[in-house]
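Each chain, letter by letter, is given below.
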Protein chains: 2
Amino acid sequence: MPVKSEHIPRATIKRLAVYVQVLENLIREGTDVISSELLAKACAVNPSQIRKDLAYFGEFGVRGLGYYVKELNTSIKSALGVDRVWRCALVGVGNLGKALLNHHEFKLRGFHIVGAFDCDPFKIGEEVSGLEVVCTRRLKEKVAELGIEVGIITTPPERAQRATGHLVEAGIKGILTFAPTRIAVPDHVFVEYVDFFHHLYALAFNLTLIEDEQ
Amino acid sequence: MPVKSEHIPRATIKRLAVYVQVLENLIREGTDVISSELLAKACAVNPSQIRKDLAYFGEFGVRGLGYYVKELNTSIKSALGVDRVWRCALVGVGNLGKALLNHHEFKLRGFHIVGAFDCDPFKIGEEVSGLEVVCTRRLKEKVAELGIEVGIITTPPERAQRATGHLVEAGIKGILTFAPTRIAVPDHVFVEYVDFFHHLYALAFNLTLIEDEQ
């Protein structure tokens, strides 16, 4: 059982998520052991980086052999707290919300979206991916009933803050938002922003530099 | 005209994208000038961080007044190369692909998705958000015809590498991928990964820490 560290830096968590992604693909392919060089290559980092990241919660790897795929995957997931099911509520059943409700990977990774919410009367009662869309005002009741711990916001930007208010009032302490705006939350609530545009900006910036050089 | 720097760090680009998001919301609301404190608060950083980030490409801000919203926004966008239109191809017209094709924000931010591609014969010819879905094998021809520079991958993970191959062969040098897997590209191609799960992992990790403390 790996020790839980309170001091895993953000950049390390990001890489650990990549390691899990690669390790789970290896498990599906039936690979038992992988050399540290091949694992590093598949994760697009160098082997010493992997060793450093894993050192936060234990010692892994066998000299001359590499890593046991399943064991390493289990240990990383346990250290991150993703070796269990997290029940999630999605607020905002538009195109993106529907796409996420139908996205198999969430369930595969332990994030079960068990409630879908919208304030549009035309959407309430609709069934999406086996879930009945419920009025956002009923969030508090449903969060308690369904044991929901994580909120996912896929509303338009102008409705993101209101969705946040409903989630916080319902006792949710972790929010993943896809809405292209910043949201304000109390100190005890964690927010993660999925921002497509900083990625597109980084691409545009790099492509512009190449063009300038040519 | 701000100077273009080759040395804007990745973390700064990420924050610059947030500043643009906040500044564009301010422009829509009709705000002309904003104090550095209020801008910093809206962006969830401190004022000295903003000054440091802007110093990469110029001097901004008026002592005792703050920032001119429009001027600052234009300068940041010019420095990043996002003050122009980038034409994009989307490969993989599933639920997520459709959601992105219908996502207004891409066009608003200068990223125009002008081609939609899929290898599924049942999807080819279908119209999504005003675009006819074209066979992925015709990517090279369409990229040249439509002046496409950026590729967006929304295929399932097992088809992401093939989509990458088609994009690279078509001459694309910048790829944004939503597929939950790593892809291999030649050295001259930039890849950005949109990974929902590292955000969910970061949330789960933080929520687990709180629970352990209680």
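1. Observations regarding the overall build of chain A
Moving on, step 1. Scanning chain A for helices and strands turns up nine helices and nine strands.
Moving on, step 2. Counting all 214 residues of chain A, 41% fall into the buried class.
Moving on, step 3. Excluding contacts between residues fewer than 6 apart, the proportion of contacts in chain A whose partners are at least 24 apart in sequence is 60%.

2. Brief notes about the interface of chain B and chain A
Moving on, step 1. Contact with chain B, which involves 55 residues of that partner, is made by 55 residues of chain A.
Moving on, step 2. For the side of chain B that touches chain A, the secondary structure elements donating two or more residues are helix 1 (10–29), helix 2 (36–43), helix 5 (95–101), strand 8 (174–177), strand 9 (190–193) and helix 9 (196–213) of chain B.
Moving on, step 3. Across the side of chain B that touches chain A, the residue classes break down as 30 nonpolar, twelve polar and 13 charged.

3. With respect to the relation of the copies chain B and chain A
Note on the chain copies: they are related by a rotation about an axis and a translation along it.
Moving on, step 1. Once turned by 180° and shifted 0.0 Å along the axis, chain B lies on chain A with an RMSD of 0.0 Å. Taken together, these values place the two copies in the relation of a two-fold axis.

4. What about helix 9 of chain B?
Moving on, step 1. Relative to the 26 Å expected for 18 residues at 1.5 Å per residue, helix 9 of chain B spans 26 Å between its end C-alpha atoms, a close match to the ideal helical length.
Moving on, step 2. Among all positions in helix 9 of chain B, only B:Phe196, B:Phe197, B:His198, B:His199, B:Leu200, B:Tyr201, B:Ala202, B:Leu203, B:Ala204 and B:Phe205 are buried.

5. Description of the sheet that holds strand 8 (residues 174–177) of chain A
Strands pair in a sheet through their backbones, by hydrogen bonds, and they do so in one of two ways: parallel or antiparallel.
Residues and elements named next belong to chain A.
Moving on, step 1. Spatially, 5-6-4-3-7-8-9 is the arrangement adopted by the seven strands of the open sheet, whose pairing is mixed. Both outer strands of the open sheet, strand 5 (127–128) and strand 9 (190–193), are each paired with one neighbouring strand and no more.
Moving on, step 2. Two elements, strand 7 (residues 150–153) and strand 8, share four bridges in a ladder whose sense is parallel. Across the sheet, residue Ile 153 finds its bridge partner in strand 8, namely Thr 177.

What counts and what doesn't
- Residues numbered from 1 in each chain as written.
- Chains lettered and ligands numbered in written order.
- Predicted model: local features only at pLDDT ≥ 70, side-chain atom pairs only at ≥ 80, totals over all residues.
- Helix = DSSP H or I, 4+ residues; strand = E, 2+ residues; numbered from the N terminus.
- Buried ≥ 20, exposed ≤ 12 C-beta atoms within 10 Å, placed from the backbone.
- Contact = placed C-beta atoms within 7 Å.
- Nonpolar A, V, L, I, M, F, W, Y, C, P; charged D, E, K, R; others polar.
- Least-squares fit on C-alpha atoms with pLDDT ≥ 70 in both.
- Expected span 1.5 Å × (residues − 1).
- Pairing = 2+ DSSP bridges.

The values reported here are purely geometric and, on their own, carry no functional implication.
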